[in-house]
Amino acid sequence: MLIRTMNRKWTGLFLGLLALLVMPFLSLEGLSFSGHVALGIFSMAAIFWIFEPIPIHATSMAVILSQVLLLSDQSVISGRLKLLHPEGYTAPAFTQFYGTLANPIIILFLGGFALAAAAEKYKLDRNLTRVLLKPFGTRPVMVSLGVMVVTAILSAFMSNTATTAMMMTVAIPIVAAVSRDDPFRRLIGLSIPVGANIGGIATPIGTPPNAVALAALARQGVIVPFSTWMMLATPLVVVTLLLSWWGMCRIFPPRIERFELRIDSTFDRSPRAIAAYTVFIVTVLLWITEKLHGIPSGVVAFLPLVLLPAMGVLEKKDIRGFSWEVLWLVAGGISLGLSLQQTGLAVWMVGQVSWEGFSTTGLVVLFSLVGFLVANLVSHTVSATILMPIAISLVLPLAGGVSAALVIPIAAIGIIVSYANILPISTPPNAIALSTGLIESRDLATSGILVGALGFIFTILFGLVLWPILL
Amino acid sequence: MSETISILCVDDEPDVLDVVVRELASLEDTFPLETAGSAAEARECLDRLRRDGTGLGVIVCDHIMPGENGVDLLVAMAGDEQWRITRKVLLTGQAGLEATVRAINRAELAHYIAKPWENRELLHVVRRQLGLYIAARGLDPLPYLRHLEPGQAAALLRHMSDADR
């Protein structure tokens, strides 16, 4: 096992570096020299992200470095750049690549991190869980629905992983008392990761693949407001969540008559906690009402970033505790997308296959299928990052300058990636759920196939029928 | 692949060792239980763990034993780089004040359980100490999650992000 892991890592490292070095010396027809260089970087990134010889965020950092060194105005080969790029590639300022770290979508996520950190610190997440679960009563199937709904709501604003960790540690001690052969244990053990994985889709800050899709759209000049994303994604989340719950209750019918998920916690009423709640509510309200006041969500996101530390709600150690590596991961993807477009690589790649006869729907189904399969094996963010620049180049000419015609397919692909949760390694929430011992791998596979199928079908359906009306 | 973390129980009375092992049996699928009837046997066990590259999360040790006593063993372990961060628990009815103070000051004793102890008290303590060991080592908590105290598990999981695998 260890040897196989080592081999995989070394193979990945070797292949990735080989791709980076060899690609620029090939002469592929129709591809510029800078396109060859970009192809080398893209291949290295894809291989590294999939084989993981180095951590995935380190790969993103390596992508930005390679771009600065090979494709920017500060390129090490800059003296010979004109020679090497005879077709007249204008090397972008290196600050463009560095700048991806301050992309409005990255700042949007950073604002989300600040809110989530404040919510966790003052146990807002636990208290909301307690309050929101109450109306669901004590019938086991209703408790399961409550757990799924609450997890989904929280994970729409916090990370899927943090939400799962919180819910699991709340639920395990109580569920552990249920008889071992009662399927109810598995029902709850699955309700949490399923709720978290689906809930992340609901808002732009819910999960990184959403950011990848939004960044790809923004690069084409299409800015999707926070509320617009929610308007598209929330009905889908509600429908797939309810049907998943219904299906899971059929597969894992509870035997116990009554179950109470008691949570001991009270709302913190200290001034700082109240400040945290206020900032949370104000920020979310401003995000949802973006269309009324016109302040972009990426700007609003800076509000909690200033207010929470200023009011002492978040201390230095809390800021250090943000998942900075997630931001690096997404920024590297955005940066890579820049070069794919600027060097003409994306258009060239798309041109290698004859897409004639493919409708936009056909393309979305194809890309979603590939994205779904890949995302079960590698990180969702990585899967979206690799596919998105290619998908958008394909869809762009078909959209004919209509922004809705661009938003629908790209959002659909980005969203379907989040429904890929069949294996324990598909997402961290799955890994956490499995390690609690409440469920087994095959339970995850069962729920994963059910939820994945529902997500796939309904996303395509909504994209065809509902979204065109909403946009 | 996750690292194996063992638990070592040292007591010269086989009956006591039996009770200890029975109380900790539920942890054994994840944390192998090692037993030793004396400090000398414990040292042999430590050598074996060192050779195998197995970590030692917790040692539960009696004090008064024939030969080397428990506190001396713990102090020696505290001076050994490999066992310095192993969580050290004294399970005894007869350690005097002096020996106990020495264990706290020189061996960074993590917990003292007086014999006879209450049912499940030992299990509770060992689980907590395992959590602290995993936190101190910065290990991925997932392989051990099912045995950790929920509060601790939540704190350990906080370091995971959506980009983790």
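Along each chain, residue indices are assigned from 1 in the same order as the chain's sequence is written. Chain A is the first chain written and ligand 1 is the first ligand written, with later ones labelled in order. For a predicted model such as this one, the threshold for reporting local features is a pLDDT of at least 70, and the threshold for listing and counting side-chain atom pairs is 80 or more; totals across whole chains, interfaces and linings nevertheless cover every residue. No hydrogens and no water enter the side-chain calculation; it runs on all heavy atoms of the structure.

With that settled, consider the overall build of chain A. Secondary structure is summarised from DSSP: a helix means a run of H or I of at least four residues, a strand means a run of E of at least two, and numbering begins at the N terminus for each. Tallying secondary structure elements over chain A gives 25 helices and 0 strands in all. Radius of gyration (C-alpha) of chain A: 23 Å, near the 23 Å computed for a compact globule of 471 residues. Referenced to the eigenvectors of the C-alpha coordinate spread, the extents of chain A come out at roughly 75 × 50 × 45 Å. Across the 471 residues in chain A, those meeting the buried criterion constitute 58%. Contacts: residue pairs with any heavy atoms within 4.5 Å of one another. In chain A, once contacts between residues fewer than 6 apart in sequence are set aside, the share between residues at least 24 apart is 78%. Computed with the Shrake-Rupley method and a 1.4 Å probe, the accessible areas treat only the protein chains shown as cover for residues. Total accessible area on chain A stands at roughly 19,200 Å², and carbon and sulfur atoms take up 69% of it. When we talk radius of gyration, it's over C-alpha atoms, and the globule rule is simply 2.2 Å times the number of residues to the 0.38. Burial classes: relative accessible area under 20% of the type maximum marks a residue as buried, over 50% as exposed, and values in between as partly exposed (1.4 Å probe, protein chains only).

Let us now look at the side chain of A:Thr59. Within the secondary structure layout, A:Thr59 lies in helix H3 (residues 56-71). Here A:Thr59 is in contact with A:Ala45, A:Phe48, A:Trp49 and A:Ile54, once residues within four sequence places are set aside.

Now for the interface of chain A and chain B. At the junction of the two partners, chain A supplies 29 residues and chain B supplies 15 residues. In this description, buried area is defined as the sum, over both parts, of the accessible area (probe of 1.4 Å) that is lost when the two are combined. Summed over both sides, the interface between chain A and chain B buries roughly 1,800 Å², with carbon and sulfur atoms accounting for 62% of that surface. Of all residues in chain A, A:Thr169, A:Pro428 and A:Ser435 give up the largest surface area on contact with chain B, accounting jointly for 24% of the area buried on that side. One speaks of a salt bridge when a side-chain nitrogen belonging to Lys or Arg is within 4 Å of a carboxyl oxygen belonging to Asp or Glu. Between the two partners, chain A and chain B, sit 0 salt bridges. Amino acids are sorted into nonpolar (Ala, Val, Leu, Ile, Met, Phe, Trp, Tyr, Cys and Pro), charged (Asp, Glu, Lys and Arg) and polar (every other residue, Gly among them). The class makeup of the residues in the side of chain A that touches chain B is 15 nonpolar, 11 polar and 3 charged.

Our next topic: the nonpolar core. Burial of nonpolar side chains together is a common tendency in soluble globular proteins. As used in this record, nonpolar core signifies buried Ala, Val, Leu, Ile, Met, Phe, Trp, Tyr and Cys residues forming a set joined through side-chain atoms within 4.5 Å. A:Trp287, A:Leu345, A:Trp467, B:Ile7, B:Leu24 and B:Val126 are the most contacted members of the largest nonpolar core, which totals 191 residues. Throughout, the edges of the domains are those of an automatic or database domain assignment. Inspection of this core shows a minimum of three residues originating in each of domain 1 (1-101) and domain 2 (104-324) of chain A. Beyond its immediate stretch of four places on either side in the chain, B:Leu24 contacts B:Ile7, B:Cys9, B:Leu33, B:Leu122, B:Leu123 and B:Val126. Counting residues in each nonpolar core, the second largest holds 25 residues, with B:Cys61, B:Val71, B:Leu90 and B:Ala103 among its members.

Note on definitions: the grid is 1 Å and covers protein atoms alone; a cavity is a set of points where a 1.4 Å probe fits but cannot get out; a pocket is an open set with protein on both sides within 12 Å along at least five of seven lines; lining residues have an atom within 4 Å of a point. Grid points are joined across faces, edges and corners, and a volume is the space filled by probe spheres set on the points. As enumerated under the stated definition, the model contains 3 cavities of 30 Å³ or more in all. Of the voids in this model, the largest cavity is the one considered here, and its volume is about 120 Å³. In this structure, the largest cavity is lined by 16 residues; those nearest its centre are A:Thr207, A:His380, A:Thr427, A:Pro428 and B:Asp162. Residues belonging to the lining of the largest cavity are distributed by class as follows: 4 nonpolar, 9 polar and 3 charged.

Right, let's talk about the pairing of strand E3 (residues 55-61) of chain B for a bit. Residue and element names in this part refer to chain B. For E3, the buried fraction is high: 7 of the 7 residues fall into the buried class. When DSSP finds two or more bridges between a pair of strands, those strands are recorded as paired. For strand E1 (residues 5-10) and E3, the ladder comprises 6 bridges, and the chain directions are parallel. Among the inter-strand pairings, Val 10 is bridged to a residue of E3, identified as Cys 61. Looking at chain direction, E3 and strand E4 (residues 87-92) are connected through 4 bridges and run parallel. Bridging from a neighbouring strand, Cys 61 pairs with Leu 90 of E4.

Most peptide bonds take the trans configuration, and most residues that are not glycine carry a negative phi. The omega torsion across B:Lys115 and B:Pro116 is -10°, close enough to zero to call that bond cis. You will see that A:Lys123, though not glycine, has its phi angle at about 55°, which is positive. Assignment of secondary structure puts A:Lys123 in the loop between helix H6 (104-121) and helix H7 (124-133).

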